[in-house]
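# Observations on the three-dimensional arrangement
What follows is the residue order along each chain.
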Amino acid sequence: MPLWFARGLRRGVVTTRYPARPDESAAWLPTPPAFRSRQLTRDVADRMVAVCPATALRRRDDTLIFDVGACTACGRCAETAPDAVAPSGEFELAATARSALIKEIPIRGGGR
Amino acid sequence: MNPGRDEAEAARRLRDTISTQFGRSLHIRTLDTGSCAVCEQEIRLLTAPHYDLHRLGFFFTPAPRHADLLLVTGPMIRAFDVAARKTYEAMPGPKVVVATGACALGGVYPKDPFVHGNAGEVLPVDVWIPGCPPSPLALLHGLGVAVGRLAEMTPGLTFIADSAAGGGEA
């Protein structure tokens, strides 16, 4: 037992300090996309809506409606439009109101 | 938007009650309502040495009677209606319901004759944890939000990579 205790001290602690301090593994998590609104056109938005398997994306006129709660972070929208989409890096997404997870992305690119 | 604000207000009151009544000891019952079991894998990882959920005062319990928090995964299949209701009713109050994963949040399965497609259709959900699956870190954050120990981040996030001033990025 003392041997195992000494070994534990020598090898260090594996437990994350997460809520108190950031965890380095967070950088490797798949995360929902963030959109570059100036690269978005209605056409690009429609293509992303078409490939989204989780129906997390909808388009209403010049607004892309992104439901973060529905997003599975599969990356298909980023494959479809690599210029307009990049991983957001956000994983602390818990919300007390479902409506807080629905984001409106303005479509600023295209003919203007 | 009034009902939303009322819900948020009620959830905040409940969290205050729970943080005072349960202090740093909260018992979790998981409820699988037709999930693919990947959410369960991530939940199980919470008790592994790396995440060590117990250091934060959260514990898993097999009995809803002993649970303070119901961790719901899956798209809420209709065949599970009775069991879900019984589980919720068996829990002593005050109680918190946390919907976990894109299925429970209404993402992956649309509402159809077999699934409700959203945990909120059957249970009064207090905290929503997105992700497919939510990583153990995301679950830890969600549990922290549920008991009022961690702040919610989503209201401040836009998911727009180029802000009003930007535009130079590739």
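Residues numbered from 1 in each chain as written. Chains lettered and ligands numbered in written order. Predicted model: local features only at pLDDT ≥ 70, side-chain atom pairs only at ≥ 80, totals over all residues. Heavy atoms only, no water.

### Observations regarding the overall build of chain B
Counting secondary structure elements, chain B contains five helices and five strands. Taken from the N to the C terminus, the helices and strands of chain B come in the order α-β-α-β-β-α-β-α-β-α. Out of the 170 residues belonging to chain B, those deemed buried represent 46%. For chain B, the proportion of contacts with a sequence separation of at least 24, taken over those separated by at least 6, is 78%. As displayed, chain B has an accessible area near 7,900 Å², and 57% of this comes from carbon and sulfur atoms. (Helix = DSSP H or I, 4+ residues; strand = E, 2+ residues; numbered from the N terminus. Buried < 20%, exposed > 50% of the residue type's maximum accessible area, 1.4 Å probe, protein only. Contact = heavy atoms within 4.5 Å. Areas by Shrake-Rupley, 256 points an atom, 1.4 Å probe, with all protein chains shown as cover.)

### Some words on the nonpolar core
Phe35(A), Leu40(A), Met48(A), Leu57(A), Leu64(A), Phe66(A) and Val72(B) are the most contacted members of the largest nonpolar core, which totals 41 residues. A per-element tally of this core places helix 2 (residues 42-51) of chain A first, with three residues. Among all residues touching Leu57(A), those that are not within four sequence positions of it are Phe35(A), Met48(A), Val49(A), Cys52(A), Leu64(A), Ile65(A), Phe66(A) and Cys77(A). Counting residues in each nonpolar core, the second largest holds 26 residues, with Tyr18(A), Phe91(A), Leu71(B) and Ala146(B) among its members. (Core = buried A, V, L, I, M, F, W, Y, C linked by side-chain atoms within 4.5 Å.)

### Some details on the sheet that holds strand 4 (residues 96-100) of chain B
All names here are of chain B. Ordered by their spatial adjacency, five strands build an open sheet running 2-1-3-4-5, and the pairing between neighbours is parallel. At either end of the open sheet lies a strand with only one pairing partner, and these are strand 2 (58-60) and strand 5 (127-129). Going from strand to strand, the sheet's axes swing by 30° on average, the running direction of each strand aside. Sheet topology places strand 1 (residues 26-32) next to strand 3 (residues 69-73); five bridges connect them, and they run parallel. Bridging across to strand 3, Thr 30 finds its partner in Leu 71. (Pairing = 2+ DSSP bridges. Axes fitted to C-alpha atoms, helices over the stretch in contact; angles between N-to-C directions.)

### Observations regarding the environment of Val98(B)
Residue and element names in this part refer to chain B. With respect to the helices and strands, the residue Val 98 is situated in strand 4. Its relative accessible area of 0% is what places Val 98 among the buried residues. For the pair Val 98 and Leu 123, spaced 25 residues apart in the sequence, the C-alpha separation amounts to 9.5 Å. Dropping the residues within four chain positions of it, Val 98 is found in contact with Leu 69, Leu 70, Leu 71, Val 72, Val 127, Ile 129 and Ala 146.

### Section: the interface of chain B and chain A
Taken together, the contact between chain B and chain A spans 43 residues of the former and 44 residues of the latter. Buried area between chain B and chain A, summed over both chains or domains, comes out near 3,600 Å², and the portion from carbon and sulfur atoms is 60%. Contact with chain A buries area across many residues of chain B, yet Trp128(B), Leu137(B) and Phe159(B) alone supply 21% of it, more than any other trio. Between chain B and chain A we count zero salt bridges in total. Elements with a minimum of two residues in the side of chain B that touches chain A: strand 5 and helix 5 (136-146) of chain B. (Buried area = accessible area lost by both parts, 1.4 Å probe. Salt bridge = Lys/Arg side-chain N within 4 Å of Asp/Glu carboxyl O.)

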